[in-house]
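One-letter residues, chain by chain:
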Amino acid sequence: MKKKSDKIGRNSPCPCGSGKKYKHCCMGLAKVMSIEEEYKKRYDITIKTPEQIEGIRECGKLLLSIMDGVEAMIRPGLVTEEINTYVHERTVQAGGIPAPLNYHGFPKSVCVSVNDVICHGIPGDWVLKDGDIVNVDITPILNGYYADANKTFFVGTPTRDGEKIVSVAARSLKMGMEAVRPGATLGDIGYAIQTYAEGQGCSVVREFVGHGVGIDFHEQPQVLHFGKKGQGITLVPGMVFTIEPMVNIGERYLHILEDDWTAVTNDGSLSAQFEQTLVVTRDGYESLTPFEL
């Protein structure tokens, strides 16, 4: 039997973690729907169950094992199609499906983006050379669950600009991740990334964003990598999404090549990216695709 002392008072902190008083947040909603129902209705966000989170975590383990294999391959002289072949074969051998393949017509099983390519690079006959940087973006489907992550690698000996942009991009993701906790907002994530990256003299791409993921490739919410503190949707436990800042050493502006996929910097400057899939927990976050940054 519930004790009187267990009841949530009007002036108590809202259990959704927003930091607001219950009466100013979910009190009226609680009479008719749960947080899960409210977020689905208001934002089309699916709050994941523990079983779904475990499925995404298992998919993340597969992703990371494939990513480790890719990292071991990276060298001058490697043809980007070889990365595609490896990712495809490893995914299928594990009983998975490469999510990018045929997604809205994308022709390959992985995105491989070299130097000034921001994202959605199509593997092919491009040969990596010493001093290049290359981003590899992997998304497998395993038992119906999706996990999404990417890393930017050095090819051979990095240039000074290459070292800088890869370092800033990795740190940008870390700063964004550290902003994730119940009661924070999506704007807090974007603010943390933008403030750091621009403070290093770099720019943040705005046309591409992080996203919900887990039971589909791209779900709500959209996760901008720029923004203002306190703005946007409030984070609650069970939300699963990617943070994947694309950071340029030059200006942020871009254009899409004739293949309708490959995004490149307008000024030809280097671009780097790191991405992980996160779940909001009761006291912070857990990465479901964890790797060192």
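What comes next is a walk through the structure. Model, not experiment: these values are computed from the prediction. (Residues numbered from 1 in each chain as written. Predicted model: local features only at pLDDT ≥ 70, side-chain atom pairs only at ≥ 80, totals over all residues. Heavy atoms only, no water.)

## Observations concerning the overall build of the protein
For step 1, the next point in the chain: Assigned secondary structure in the protein consists of six helices and 17 strands.
For step 2, the next point in the chain: Taking 293 residues into account, the globule formula puts the C-alpha radius of gyration at 19 Å, and the protein, at 20 Å, falls close to it.
For step 3, the next point in the chain: Taking the principal axes of the C-alpha coordinates as reference, the protein spans close to 70 × 45 × 30 Å.
For step 4, the next point in the chain: A buried classification covers 52% of the 293 residues belonging to the protein. (Helix = DSSP H or I, 4+ residues; strand = E, 2+ residues; numbered from the N terminus. Rg over C-alpha atoms; globule rule 2.2 N^0.38 Å. Buried < 20%, exposed > 50% of the residue type's maximum accessible area, 1.4 Å probe, protein only.)

## Considering the layout of surface pockets
For step 1, the next point in the chain: In this structure, the largest pocket occupies an estimated 500 Å³ of space.
For step 2, the next point in the chain: Contributing to the lining of the largest pocket are 25 residues, with His120, Phe208, Val209, His211 and His218 lying nearest its centre.
For step 3, the next point in the chain: Of all the elements in the fold, those that place two or more residues in the lining of the largest pocket are strand 9 (210-212) and strand 10 (219-223).
For step 4, the next point in the chain: Examining the composition of the lining of the largest pocket, we find that three residues originate from one element, strand 10, more than from any other.
For step 5, the next point in the chain: Looking at the lining of the largest pocket, its residues break down into 10 nonpolar, nine polar and six charged.
For step 6, the next point in the chain: Computed from the structure, the second largest pocket encloses a volume of approximately 370 Å³.
For step 7, the next point in the chain: Lining the second largest pocket we find 16 residues, and of these Glu36, Ile47, Pro237, Gly238 and Arg282 sit closest to its centre. (1 Å grid on protein atoms, 1.4 Å probe; cavity = no way out; pocket = protein on both sides within 12 Å on 5 of 7 lines; lining within 4 Å. Points joined across faces, edges and corners; volume = space filled by probe spheres on them. Nonpolar A, V, L, I, M, F, W, Y, C, P; charged D, E, K, R; others polar.)

## Observations regarding the pattern of salt bridges
Pairs can form between side chains of opposite charge whenever their charged atoms are close.
For step 1, the next point in the chain: One pass over the full model with this rule turns up nine salt bridges.
For step 2, the next point in the chain: Here Glu286 makes a salt bridge to Arg57, at a shortest N to O gap of 2.8 Å. Taken together, the residues span a long stretch of sequence, with Glu286 in strand 17 (residues 285-287) and Arg57 in helix 3 (residues 50-73) at a distance of 229 residues.
For step 3, the next point in the chain: The class of Glu286 is partly exposed, set by a relative accessible area of 27%.
For step 4, the next point in the chain: Across the salt bridge formed by Lys61 and Glu58, the nearest N and O atoms sit 3.0 Å from each other. Of this pair, Lys61 and Glu58 both sit in helix 3, three residues apart, roughly one helical turn.
For step 5, the next point in the chain: A relative accessible area of 34% means that Glu58 is categorised as partly exposed. (Salt bridge = Lys/Arg side-chain N within 4 Å of Asp/Glu carboxyl O.)

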